[in-house]
Amino acid sequence: MYSKAGYVTASGVGGSTALAYTGFNALAIVVAGVTLLFAGLALLKLVPRRAKY
């Protein structure tokens, strides 16, 4: 009963890992990139401006 893991495919063990390879990982990469972008912009706002003479 518990020994059947399904068929092994190119994307891993079939059935249990099918959702991990359906394209939502690309969405996670986009969300992480946008988060890093806004974190960088927030850090730029903390840096004091240079004095212009």
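Basis of the calculations
Every chain begins its residue count from 1, and numbering advances along the sequence as written. Per-residue local features are limited, in this predicted model, to residues with pLDDT of at least 70; the limit for side-chain atom pairs, both in listing and counting, is 80 or more; totals at the level of whole chains, interfaces and linings are taken over all residues. Side-chain measures here rest on the full set of heavy atoms in the structure, leaving out hydrogens and waters. To qualify as a helix, a DSSP run of H or I must reach at least 4 residues; to qualify as a strand, a run of E must reach at least 2; elements of each kind are numbered from the N terminus. Residue burial is assigned from relative accessible area. The probe radius is 1.4 Å, only protein chains are included, and a residue is buried under 20% of its type maximum, exposed over 50%, and partly exposed in between. Here the open area of atoms and residues is found with the Shrake-Rupley method and a 1.4 Å probe, where only the protein chains shown may cover a residue. Note that patches include only residues with greater than 30% relative accessible area and no salt bridge, and the join distances are 9 Å for like charges and 5 Å for nonpolar side chains (Val, Leu, Ile, Met, Phe, Trp, Tyr). Put simply, a salt bridge is a Lys or Arg side-chain nitrogen that is within 4 Å of an Asp or Glu carboxyl oxygen. Along the chain, pLDDT gives the predictor's confidence residue by residue, from 0 to 100.

1. Points about the overall build of the protein
Part 1 of the reasoning: What the protein contains, in helices and strands, is 1 helix and 2 strands.
Part 2 of the reasoning: Secondary structure elements in the protein, listed N-terminal to C-terminal, are β-β-α.
Part 3 of the reasoning: Across the 53 residues in the protein, those meeting the buried criterion constitute 0%.
Part 4 of the reasoning: Per element, the accessible surface of the protein, about 5400 Å² overall, is 71% carbon and sulfur.

2. A few points about a nonpolar patch on the surface
Part 1 of the reasoning: On the surface, Val30, Val34, Leu37, Phe38, Leu41 and Leu44 cluster together into a nonpolar patch covering about 570 Å² of accessible area.
Part 2 of the reasoning: For valine 34, the location among the structural elements is in helix 1 (residues 24-46).

3. Describing the confidence of the model for the protein
Part 1 of the reasoning: Here the protein shows a mean pLDDT of 74. Residues at 70 or above account for 55%.
Part 2 of the reasoning: The spread of mean pLDDT over the elements of the protein runs between strand 2 (residues 12-13), the lowest at 52, and helix 1, the highest at 91.

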